[in-house]
Each structure stands twice: as C-alpha cells, then as structure tokens.
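Fold and geometry: a report
Spelled out, the chains give:
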Amino acid sequence: MLANQLVHMKASRVQESSQGTYASCLHRYIHFCTSQLEIPLSQALPDEHMEPVPTDIIELFIAWASTKYKLATIRATLNALVDWNKSKGLDSYSVYNLHTNALIKTASIQQGPAGLPQGKTGMPKSVLRQLLAVLDKKAKSDPAKKALYIRDQAWLVLGFFGLFRR
C-alpha cells in the first residue's frame, strides 16, 4: 500500500510507462523482506522522516537477488529505494555506500558479461569415462553390488547429458 502511494506521489516525475516498473521494484524488495527475512513492512521501509531504509537489509537483498535477477533489475530496485530515502529527506549515499557498491561489483562479476547468473561448468568427457571405468571395475569385482554400480553409471550418464535440467 505504501509503495503504491509513493508511486502516485512521484507520478509527475516518472513517466506512466515507468510507474509499473517502479512499483514492481519496490514490490520485489518488500516481497524479499516479508517472505525471506520475515520482517514487517515498517522495518523494511521506515515511514519516519530522516530514517533510511536499513543498509543491512539492502545488502542482504543484493546478495539474494544476484542469483535470481539481472543486475539491471537489482539496480532499478536500488534506485527505487534511493527515491524512497529521498522522500524521507535523505541522500542516495544511504543506499549506495561502499558496502552495497562492492556487492554490486561482485554480483556483476558473478553474473558474467551477459548479466545473467552463470551456470555450473560441466564435467569433461574424459572424467566421465574414468568414472564409468572405475564403476565397471567395481561391478566386476563385487557381484553382490553389481546392480548398484550399474545404477550409478546410469545416473552419471543421464546427468552428463543434462537430462535432469529444468
């Protein structure tokens, strides 16, 4: 509710097409605070004059969001928080400080040049062959557990070709 009121207050400064983006940025932050941190809205976005959005919560948001959203989305959310602080009579340093800037830089490095979270590196075929050979030797040397070793080989092959990806 407070986020919607703030969007309407800033309507003269924000174009109509950007109002939805601005509201979704604040909503994203509020959702993180209430669902992930389980803190009340009054703590996430203080309504008092000259009381900034807590930087420790902002830092937690950046760390959480860097694995889920593009860096541009995180920056847009931080810019919405800057505007929230400005409406309370504060400057942008209360959001963009040394710690948050370092976290943004780290998130940028982790996301790579495309700005997306990078996937895990795959297993080389040579390692897969070695693992399959070891499991084959174990299956031949221990007939009682042969079915388990064959099952493990199947799991490795299926996982190698990405059949378990979403």
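Since we're looking at a predicted model, the values are computed, not measured. (Residues numbered from 1 in each chain as written. Predicted model: local features only at pLDDT ≥ 70, side-chain atom pairs only at ≥ 80, totals over all residues. Heavy atoms only, no water.)

What follows is about the overall build of the protein chain. Counting its regular elements, the protein chain contains eight helices and zero strands. Ordered by position from N to C terminus, the α and β elements of the protein chain give α-α-α-α-α-α-α-α. Counting across all 166 residues of the protein chain, residues that qualify as buried make up 34%. The long-range fraction of contacts in the protein chain, counting pairs at least 24 apart against all pairs at least 6 apart in sequence, stands at 59%. Surface exposure of the protein chain reaches about 10,900 Å², of which carbon and sulfur atoms provide 57%. (Helix = DSSP H or I, 4+ residues; strand = E, 2+ residues; numbered from the N terminus. Buried < 20%, exposed > 50% of the residue type's maximum accessible area, 1.4 Å probe, protein only. Contact = heavy atoms within 4.5 Å. Areas by Shrake-Rupley, 256 points an atom, 1.4 Å probe, with all protein chains shown as cover.)

Its place among the elements puts Thr-77 in helix α5 (residues 71-87). For Thr-77, a relative accessible area of 0% puts it in the buried group. Those residues in contact with Thr-77 that lie beyond four places of it in its chain are Cys-25, Arg-28, Tyr-29 and Phe-61.

This part is about the pattern of salt bridges. Scanning the entire structure with this criterion turns up three salt bridges. For the salt bridge of Arg-151 with Asp-152, the shortest nitrogen-to-oxygen distance reads 3.1 Å. Using a relative accessible area of 44% as the deciding quantity, one classes Arg-151 as partly exposed. (Salt bridge = Lys/Arg side-chain N within 4 Å of Asp/Glu carboxyl O.)

Relative to each other, helix α4 (residues 55-65) and α5 sit at 160°, their axes nearing to 11 Å. Classed by the angle they form, the pair α4 and α5 counts as roughly antiparallel. As α4 packs across α5, the resulting crossing turns out to be right-handed. Contact with α4, carried on its side by Ile-58, Phe-61, Ile-62 and Ala-65, involves Ile-74, Thr-77, Leu-78 and Leu-81 of α5 and no other residues of that element. (Axes fitted to C-alpha atoms, helices over the stretch in contact; angles between N-to-C directions. Parallel < 35°, antiparallel > 145°, perpendicular 65-115°, else oblique. Left-handed = near helix turned anticlockwise from the far one by under 90°.)

For helix α8 (residues 146-160), built from 15 residues, the straight-helix expectation of 21 Å at 1.5 Å per residue is met to within 8% by its first-to-last C-alpha distance of 21 Å. Taken together, the buried positions of α8 are occupied by Tyr-149, Gln-153 and Phe-160. Across the axial projection of α8, the buried residues extend over an arc of 45°, all falling on one side. Against α7 (125-141) lie the buried residues of α8. (Expected span 1.5 Å × (residues − 1). Arc of directions from axis to C-beta.)

This brings us to unusual backbone geometry. A positive phi is found at Glu-38, a non-glycine position, where the angle reads about 55°. Inspection of the secondary structure assignment puts Glu-38 in the loop between α2 (16-36) and α3 (41-44). According to the relative accessible area criterion, Glu-38 is exposed, its value standing at 66%.

This next bit is on the packing of aromatic side chains. Counting across every chain of the model gives five aromatic pairs. On the basis of an interplanar angle of 65° and a centroid distance of 6.0 Å, the ring pair of Trp-64 and Tyr-69 is categorised as edge-to-face. Judged by its relative accessible area of 16%, Trp-64 is buried. An aromatic cluster is defined as three or more aromatic residues linked by ring pairs; in this entry it consists of Tyr-29, Phe-32, Phe-61, Trp-64 and Tyr-69. Above the ring of Tyr-69, the side-chain terminus of Arg-28 is found at 5.0 Å from the ring centroid. When the ring centre of Trp-84 is taken as reference, the NZ or CZ atom of Lys-88 above it lies at 5.0 Å. (Phe/Tyr/Trp six-rings, centres within 6.5 Å; stacked < 30°, edge-to-face > 60°. Lys NZ or Arg CZ within 6 Å of the ring centre and 35° of its normal.)

Per-residue confidence for the protein chain averages 81 on the pLDDT scale, and 80% of its residues sit at or above 70. When the elements of the protein chain are averaged for pLDDT, helix α1 (residues 2-9) gives the smallest value, 60, and α4 the largest, 90. (pLDDT = per-residue confidence, 0-100.)

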